[in-house]
Every structure is written in C-alpha cells, then in structure tokens.
There are 2 protein chains.
Amino acid sequence: MSEQLHLTHVKPEDIEATSFEIISRELGPLDLDPQTELVVKRVIHTTADFDYAKTLTFTAHAVERGVEALRNGATVITDTSMVAAGINKRVLGSFGGQVCTFIADADVAAEAKRRGLTRSAVSMERAAQLPGTLVFAIGNAPTALVSLARMLNDGSLPRPALIIGVPVGFVNVVESKELIMATDVESIVARGRKGGSNVAAAIVNALLYLASGNRRE
Amino acid sequence: MSEQLHLTHVKPEDIEATSFEIISRELGPLDLDPQTELVVKRVIHTTADFDYAKTLTFTAHAVERGVEALRNGATVITDTSMVAAGINKRVLGSFGGQVCTFIADADVAAEAKRRGLTRSAVSMERAAQLPGTLVFAIGNAPTALVSLARMLNDGSLPRPALIIGVPVGFVNVVESKELIMATDVESIVARGRKGGSNVAAAIVNALLYLASGNRRE
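Residues numbered from 1 in each chain as written. Chains lettered and ligands numbered in written order. Predicted model: local features only at pLDDT ≥ 70, side-chain atom pairs only at ≥ 80, totals over all residues. Heavy atoms only, no water.

Chemist: Which residues make up the overall build of chain A, and what values do they have?
Modeler: Counting its regular elements, chain A contains 11 helices and 6 strands. Against the globule reference of 17 Å for 217 residues, chain A gives a C-alpha radius of gyration of 18 Å, in line with a compact fold. Across its three principal directions, the C-alpha atoms of chain A cover 60 × 35 × 30 Å. Counting only residues that meet the buried cut, chain A has 55% of its 217 residues in that class. Restricting the contact set of chain A to residue pairs at least 6 apart, pairs at least 24 apart contribute 64%. A total accessible area of about 9000 Å² is found for chain A, and carbon and sulfur atoms account for 49% of it. Seen as two clouds, the 22 positive and the 24 negative side-chain charges of chain A have centres 4 Å apart. (Helix = DSSP H or I, 4+ residues; strand = E, 2+ residues; numbered from the N terminus. Rg over C-alpha atoms; globule rule 2.2 N^0.38 Å. Buried < 20%, exposed > 50% of the residue type's maximum accessible area, 1.4 Å probe, protein only. Contact = heavy atoms within 4.5 Å. Areas by Shrake-Rupley, 256 points an atom, 1.4 Å probe, with all protein chains shown as cover. Lys, Arg positive; Asp, Glu negative; His and termini not counted. Charge placed at Lys NZ, Arg CZ, Asp CG, Glu CD.)

See below:
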C-alpha cells in the first residue's frame, strides 16, 4: 500500500516520547515548575489542543499534593464512567488506590429525580461520605463542582487532597470552575468552556506517572 | 453561598437543549444536511471546540449508513475502553447492538509485542473476524486506522458500514486519517491532529440518537 510510505516510522514504544518532543518544541519554554509542566503537556498530548497551556490553572501546591495523595493510596472520585475508564488503574492500584463513580447507581438516579438535582450532584454527596483521602476528577458535570463547592462551604465535605475541575460545556461550566477556584482547596482547573473526560483522566494519569517516578508507565 | 447566585438557573433536563441553542447561535448556518449538522453539533457539545465544524469530514452517505447500521443492531468496535465507556449502551442495546473492544486482551498484548505492532493494530485484526455489520469508532490510535486501511486494501476486512476515524495526536495521526479517507468506505473523520475518545463516543451517540428518532435519549 503505497500511502503507508508517507507514515513516519516510529516504534510503538517511541510514539509517546516523540509526541512529547513535538509538543515541547511547539510550546516553547513555559514559566512552570517541571512537574506542573508535565501535567500541561500530557493534557496537550491527549487533546492536541495547545489552548490548555493558557487555560490550565494550578493552585500553589496542587500537583505536589495530588502526587502525594495518589502515592499514599487516595481514592479517585470521578463524575463519569468515561473518566474512570481513562485512568491507569494498574498504576493507581500499585499504590493501593482505587476509582469510585456513583453516577450509574440506581438510587442516585432516584434521589436526583426526587430532589430536582443532577445525578452528578447527588453522586458528589455520596462521595463525601467515603473514608480516607480523596482526589476528585470531574470531567463532565459542572453541577458536580457546584455540589463540591457547596459542601466545602457548609462543612459537609472533609477537605479533599485535590479537585481536578475540568468539565466541558456551555451552561454554568465557566462559573462552576470559578466557584472551585474560590475555595481554599488545592485544585487544577481548565478555565473556560473546554475540558472533558479525557482531560480529567489525563491529569490523573500525569499525577500517577509523577508519583511512580516515571513520565509514563 | 453567594457565588451560586451567578449560576444560570436551568433544570437538569434543559441543560442540553440550552447548550445546543448556544452552539447553534455561535456557529451560525452550516452548509450541511440536518442529520450531519446534528453530529457536528454533538461533537462541539462534547468538546466546546468549534474547530470541529471545519475539520469533521463526512463521506456522502456516512451518517445515513451509520444510522441504518446501528438501527439494525451493528456491532461497534472501539480502540479503547474509554470510547466504549462513553457510548450510550442503553440505546445501542435497544437495537440489539453491542460494543466490542479487544485492546485489554492478554493475547492481543502478547501478539503485538511479538510482531512489533501496537495493541491497537492487532485489535483491529481481531475485529475483522467478527460476523455481522461493523461500525468502527477509533478515538485514540492512528495505528488502528492504518491497520484498517491495510486490511481493506488486501481484502482481509469485510466492508464495514462506517469508520469513525478521530484519533488524536502528533505522530502519524494526520496521515492515518487521510489513509482512511482514501479508501472507498463510508467514513467520518476529524482531519488534523485533534480528536479523541470523547469525540468518537459523541459521534456514535449522535448516530444512535438519530437512529432512535430523538436528538437525545
């Protein structure tokens, strides 16, 4: 097949390294610490969208606390099964951590309907009951972030190690991210409308690879 | 919490409709048939990235054939578990269809290593053995598209109803999409570097909602 001759010959194991080289070259130098820079580059690797170099916003110790929590076996709460599917469970499990998602639970749907809330909002209330250190990875539902902000403010959510707030969309998405940034919890937020399940999973994975001492497993 | 006063009050069930109104307003009129237009808008709904209005490329009967295949219970092959997680299995299952993903199979990993291929490429060879009508939804691996193009050209892949080719990335991604567009199979491709698991799932879901006669289930 002659078209294949135009494909760059890169071994499967080298594709990621080559991709990161291209990203680094096109991005140029960033005014970030090396660990935060790797998180930004992994999101660009996942999306091919360089906007994230401008929109990703980190509190002072977000990456450090996230890495530390994951290394100590924190539970990762996601708002969708898609975020959960994208997280490297092998590395997470090697630290004793696991992923929890309540969105598909039948009783969550019933309660959400009864109270006129989204299932995502009710899911976060369920997550607030979990023991241990929590890392939230929200890639879809702004109402999940609104619920987290409300519970942080009224004291019903014990302080999580980190909130990754990267929902995507057009209604209350921008505002929900600003709400999280107004709390005093460590957060990684993609300001603006963009984000997604893939972005949330990429950030968790970047932290996991940092926790395991490799850029990638 | 005073910040919440700034949130727009939209009922959970109205968020999607409001989002589509905003997308339609910002996009302006598109020179597309109404069904194709809904696919484009659902991808923008999933990504908040209006670039897709320019990069999504449809063969003449791609949407029609995809909808028809799904309505008749086609099997959807994905390259990652994340694409699989994002597909509305309730609607797919209502037509008798299911999702198949081979990427996590132990024997696929072993064969890929032995042959110096990616697991994605070997996964596509497994999929080619499946009976019935197939729809491919590739959101991550350019090598999956290269494998599909090779098998179409050498006749080892029976003609699928549709290939959704939206991998994301920096190495061979652009080229792999052009390879698929050079075949005579119906395809929906996001030209360029951008795409992703979320985009692949969104396109399948858009076709499922069209198949079920609703914009959304």
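Still more ground to cover, so stick around.
Chemist: Hey, could you go over the pattern of salt bridges for me, with residue numbers and the actual values?
Modeler: Tallied over the full model, the rule gives 26 salt bridges over all chains. Of the charged contacts, one joins B:Arg193 and A:Glu26 as a salt bridge, the two residues approaching to 2.5 Å between their closest N and O atoms. Residue B:Arg193 is located in the loop between strand 6 (187-190) and helix 11 (197-211), and its partner A:Glu26 is located in helix 1 (residues 15-27); the two belong to separate chains. We classify B:Arg193 as partly exposed; its relative accessible area is 27%. (Salt bridge = Lys/Arg side-chain N within 4 Å of Asp/Glu carboxyl O.)

Chemist: So what's going on with the relation of the copies chain B and chain A? Residues and values would help.
Modeler: Superposing chain B onto chain A takes a rotation of 180 degrees plus a shift of 0.0 Å along the axis, which leaves an RMSD of 0.0 Å. The superposition operator between the copies reduces to a two-fold rotation axis. The rotation axis passes nearest to the C-alpha of B:Met82 in chain B, at a distance of 2.7 Å. In this assembly the copies share their binding face: 100% of the residues contributing to the interface of chain B also contribute to that of chain A. (Least-squares fit on C-alpha atoms with pLDDT ≥ 70 in both.)

Chemist: So, the sheet that holds strand 1 (residues 56-58) of chain B: which residues are in play, and what are the values?
Modeler: Residues and elements named next belong to chain B. As summarised here, the arrangement of the 6 strands in space is 1-6-5-4-2-3, forming an open sheet in which the pairing is mixed. Two strands close off the open sheet at either side, each with one partner strand: strand 1 and strand 3 (98-100). Mean inter-strand twist for the sheet, computed between neighbouring axes without regard to direction, equals 15 degrees. Where strand 5 (residues 162-165) meets strand 6, 3 bridges bridge the pair, whose relative direction is parallel. Following the sheet pairing, Gly-165 is matched in strand 6 by Val-189. (Pairing = 2+ DSSP bridges. Axes fitted to C-alpha atoms, helices over the stretch in contact; angles between N-to-C directions.)

Chemist: Could you give me a rundown of the packing of helix 2 (residues 34-47) of chain B against helix 11 of chain B, with the residues and numbers involved?
Modeler: Residues and elements named next belong to chain B. Helix 11 packs onto helix 2 with a crossing angle of 140 degrees between their chain directions and a minimal axis gap of 9 Å. When the axis of helix 2 is compared with that of helix 11, the two are oblique. For the crossing formed where helix 2 meets helix 11, the hand is right-handed. Where helix 2 abuts helix 11, its residues Gln-35, Leu-38, Val-39, Arg-42, Val-43, Thr-46 and Thr-47 lie against Asn-198, Val-199, Ala-202, Ile-203, Asn-205, Ala-206, Leu-207, Tyr-209 and Leu-210. (Parallel < 35°, antiparallel > 145°, perpendicular 65-115°, else oblique. Left-handed = near helix turned anticlockwise from the far one by under 90°.)

Chemist: With reference to specific residues and values, describe the sheet that holds strand 3 (residues 98-100) of chain A.
Modeler: Residue and element names in this part refer to chain A. Pairing is mixed in the open sheet, where 6 strands are placed in the order 1-6-5-4-2-3. The sheet terminates laterally at strand 1 (56-58) and strand 3, the two strands that pair on one side only. Between one strand and the next, the sheet's axes are offset by a mean angle of 15 degrees, whatever the strand orientation. Across 4 bridges, the pairing between strand 2 (residues 75-78) and strand 4 (residues 134-138) is parallel. By the bridge assignment, Thr-75 is partnered in strand 4 with Leu-134.

Chemist: Summarise the nonpolar core; cite the residues concerned and give the values.
Modeler: Counting residues in hydrophobic clusters, the biggest one holds 94 residues, and the most contacted among them are A:Ile203 and B:Ile203. Ranked by residues supplied to this core, first place goes to helix 11 of chain B with 12 residues. Apart from the residues within four sequence positions on either side, A:Ile203 is in contact with A:Val39, A:Val43, A:Leu56, A:Ile164, A:Val166 and A:Ile188. (Core = buried A, V, L, I, M, F, W, Y, C linked by side-chain atoms within 4.5 Å.)

Chemist: I'd like a rundown of empty space enclosed by the protein, residues and numbers included.
Modeler: Taken as a whole, this structure holds 3 cavities of 30 Å³ or more when the rule is applied. If you go around the largest cavity, you meet 13 residues; those closest to its centre are A:Thr47, A:Asp49, A:Tyr52, B:Thr47 and B:Asp49. In terms of residue class, the lining of the largest cavity is made up of 3 nonpolar, 6 polar and 4 charged. (1 Å grid on protein atoms, 1.4 Å probe; cavity = no way out; pocket = protein on both sides within 12 Å on 5 of 7 lines; lining within 4 Å. Points joined across faces, edges and corners; volume = space filled by probe spheres on them. Nonpolar A, V, L, I, M, F, W, Y, C, P; charged D, E, K, R; others polar.)

Chemist: So what's going on with the packing of helix 4 (residues 62-71) of chain A against helix 11 (residues 197-211) of chain A? Residues and values would help.
Modeler: Two quantities define a packed helix pair, namely the angle between the axes and the distance from one axis to the other. Residue and element names in this part refer to chain A. For the pair helix 4 and helix 11, interaxial distance at closest approach is 9 Å and the crossing angle is 70 degrees. It follows from the interaxial angle that helix 4 and helix 11 lie roughly perpendicular. Listed contacts from helix 11 to Val-63, Gly-66, Val-67, Leu-70 and Arg-71 of helix 4 are Val-204, Leu-207, Leu-208, Leu-210 and Ala-211. Among the residues forming the contact of helix 4 with helix 11, the class breakdown is 8 nonpolar, 1 polar and 1 charged.

Chemist: Quick one: what's the story with the pairing of strand 4 of chain A, residue by residue and with numbers?
Modeler: All names here are of chain A. For strand 4, the tally of buried residues reaches 5 of 5 residues, placing the bulk of the element in the interior. Taking every second residue as pointing to the same face, both faces of strand 4 are buried, with Leu-134, Phe-136 and Ile-138 on one and Val-135 and Ala-137 on the other. Looking at chain direction, strand 4 and strand 5 (residues 162-165) are connected through 4 bridges and run parallel. The residue bridging Ile-138 from the neighbouring strand is Gly-165, located in strand 5. With helix 9 (residues 142-154) bridging strand 4 and its parallel neighbour strand 5, the resulting β-α-β unit is right-handed. (Right-handed = clockwise from strand over helix to strand, strands pointing away.)

Chemist: So, the interface of chain B and chain A: which residues are in play, and what are the values?
Modeler: Listed by partner, the interface residues are 46 residues for chain B and 46 residues for chain A. Summed over both sides, the interface between chain B and chain A buries roughly 3700 Å², with carbon and sulfur atoms accounting for 68% of that surface. Scanning the region where chain B abuts chain A turns up 4 salt bridges. Between B:Lys194 and A:Asp49 there is a salt bridge, with its nearest N and O atoms 3.8 Å apart. At the junction of chain B and chain A, the tally comes to 3 residue pairs in polar contact (both at pLDDT 80 or more). Counting only elements with at least two residues in the side of chain B that touches chain A, the list comes to helix 1 (15-27), helix 2, helix 5 (81-86), helix 9 (142-154), helix 10 (173-181) and helix 11 of chain B. Its residues assigned to classes, the side of chain B that touches chain A comprises 21 nonpolar, 18 polar and 7 charged. (Buried area = accessible area lost by both parts, 1.4 Å probe. Polar contact = N/O pair within 3.5 Å; in protein donor to acceptor, adjacent residues only side chain to side chain.)

Note that every value here comes from positions in space, so none of it alone points to a role or purpose.
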